[in-house]
Amino acid sequence: MPAESSFDIVSRIDRQEVDNALNQAAREIGTRFDFRGVGASIAWSGDHTVEIRANSEERAKAVLDVFKEKLVKRGVSLKTLDAGDPRLSGKEYRLGVGLKEGISSDDARKISKLIRDEGPKGVRAQVQGEELRVSAKKKDDLQAVIALLKGKEFDFALQFVNYR
């Protein structure tokens, strides 16, 4: 009898890639002509938050666009970003951008139900904290589940790890 194969579905942020994108965006903002003299900046504000500052709402959004462009070039999904609206703080606008990590229990249940309903027979999905373990006897069934999930649109980023 063959052993079971499995993989984990997670939603993680590659912190190093986000840091690199942030540094590239900060460098570009410092050198671009349209950002001269507007007090535009981007920096970490805690572990999972990036703060953008500028003297106008449009400039703050432009800095966010530069940051998004750098994230895409580095292969980081934009679904991990949780950007609010720029708010006035003194003489400058501040924009807090949160980074979402982990799969909530509601989202994990939705994915599990999707796998049960539309996936191959004999595939099991178990919620384990902020990740989901999918197991089956055949590796082909697991690959079908990965293809199924990649074909669906979720409002959070998914990665498939620990494929055994």
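The residue count restarts for each chain, going from 1 along the sequence in the order it is written. Local features in a predicted model are, by the rule used here, given only for residues with pLDDT of at least 70; side-chain atom pairs are given and counted only at 80 or more, and totals for whole chains, interfaces and linings are based on all residues. Heavy atoms throughout the structure, all of them, feed into the side-chain values; hydrogens and water do not.

## A look at unusual backbone geometry
Here is step 1 of the chain: Phi angles above zero are rare outside glycine, and Asn-162 is one such case at about 55°.
Here is step 2 of the chain: In DSSP terms, a helix is any run of H or I states spanning at least four residues, a strand is any run of E spanning at least two, and both are numbered starting from the N terminus. Relative to the helices and strands, Asn-162 resides in the segment after strand 9 (159–161).
Here is step 3 of the chain: We classify Asn-162 as partly exposed; its relative accessible area is 39%. Relative accessibility decides the category of a residue: with a 1.4 Å probe and only protein chains considered, values under 20% of the type maximum give buried, values over 50% give exposed, and everything between is partly exposed.

## Considering the layout of surface pockets
Here is step 1 of the chain: Grid points spaced at 1 Å over the protein atoms alone were grouped into cavities, where a 1.4 Å probe fits but cannot get out, and pockets, open sets with protein on both sides within 12 Å along at least five of seven lines, with lining residues defined by an atom within 4 Å of a point. Grid points are joined across faces, edges and corners, and a volume is the space filled by probe spheres set on the points. Roughly 300 Å³ of volume is contained in the largest pocket.
Here is step 2 of the chain: Gly-75, Ser-77, Ala-157, Leu-158 and Gln-159 are the residues nearest the centre of the largest pocket, which is lined by 20 residues in total.
Here is step 3 of the chain: If you list the elements that add at least two residues to the lining of the largest pocket, you get helix 4 (139–151) and strand 9.
Here is step 4 of the chain: Polar here means any residue outside two lists: the nonpolar Ala, Val, Leu, Ile, Met, Phe, Trp, Tyr, Cys and Pro, and the charged Asp, Glu, Lys and Arg; Gly therefore counts as polar. Looking at the lining of the largest pocket residue by residue, the classes come out as eight nonpolar, four polar and eight charged.

## Description of the side chain of Ser-11
Here is step 1 of the chain: Mapped onto the elements of the fold, Ser-11 is located in the loop between strand 1 (5–10) and helix 1 (15–31).
Here is step 2 of the chain: Since its relative accessible area comes to 4%, Ser-11 is described here as buried.
Here is step 3 of the chain: In terms of polar contacts, Ser-11 uses its side chain to reach the backbone carbonyl oxygen of Ala-157, at 2.8 Å.
Here is step 4 of the chain: A contact between two residues is defined here by any heavy atoms of the two lying within 4.5 Å. Those residues within four positions of Ser-11 in sequence are excluded, and the remaining contacts are Glu-101, Gly-102, Ile-103, Ala-157 and Gln-159. Here a polar contact means two N or O atoms within 3.5 Å. Within protein one must be a hydrogen donor candidate and the other an acceptor candidate, and residues neighboring in sequence count only if both atoms are side-chain atoms.

## Here's the deal with the packing of aromatic side chains
Describing an aromatic ring pair means giving the distance of the ring centres and the angle of the ring planes.
Here is step 1 of the chain: We call Phe, Tyr and Trp rings a pair once their centres come within 6.5 Å, taking the six-membered ring for Trp, and we label the pair stacked below 30 degrees between planes, edge-to-face above 60, and tilted otherwise. Using the criterion set out here, one finds three aromatic pairs in the structure.
Here is step 2 of the chain: Note on Phe-7 and Tyr-163: the rings are 6.3 Å apart at their centroids and 35° apart in plane angle, and the pair reads as tilted. Of this pair, Phe-7 sits in strand 1 while Tyr-163 sits in the segment after strand 9, placing them 156 residues apart in sequence.
Here is step 3 of the chain: Note on Phe-7: relative accessible area 0%, which makes it buried.
Here is step 4 of the chain: Both rings, one in Phe-154 and one in Phe-156, keep their centres 5.5 Å apart while their planes meet at 35°; by these two values the pair is tilted.
Here is step 5 of the chain: If you follow Arg-15 out to its NZ or CZ, it ends over the ring of Trp-44, 3.9 Å from the centre. A ring is scored as having a charge over it whenever the NZ atom of a lysine or the CZ atom of an arginine sits within 6 Å of its centre and within 35 degrees of its normal.

## Focus on the confidence of the model for the chain
Here is step 1 of the chain: Every residue is assigned a pLDDT by the predictor, reflecting its confidence on a scale from 0 to 100. Summing up the model confidence of the chain, the mean pLDDT is 92 and the portion of residues at 70 or higher is 99%.
Here is step 2 of the chain: Helix 1 holds the highest mean pLDDT among the elements of the chain, 96, whereas strand 5 (residues 87–89) holds the lowest, 91.

## Some details on helix 3 (residues 105–118)
Here is step 1 of the chain: Here the expected span of a helix is defined as 1.5 Å times the quantity of residues minus one. Relative to the 20 Å expected for 14 residues at 1.5 Å per residue, helix 3 spans 20 Å between its end C-alpha atoms, a close match to the ideal helical length.
Here is step 2 of the chain: All buried positions along helix 3 are accounted for by Asp-107, Ala-108, Ile-111, Ser-112, Leu-114 and Ile-115. Projected down its long axis, helix 3 shows its buried positions confined to an angular sector of 160°, all on one face. Within helix 3, the exposed residues directed more than 90 degrees away from the buried face are Lys-110 and Arg-116.
Here is step 3 of the chain: Those residues of helix 3 hidden inside the fold are in contact with strand 1, strand 7 (124–128), strand 8 (131–136) and helix 4. As used here, the arc belongs to the directions running from the helix axis to the C-beta atoms.

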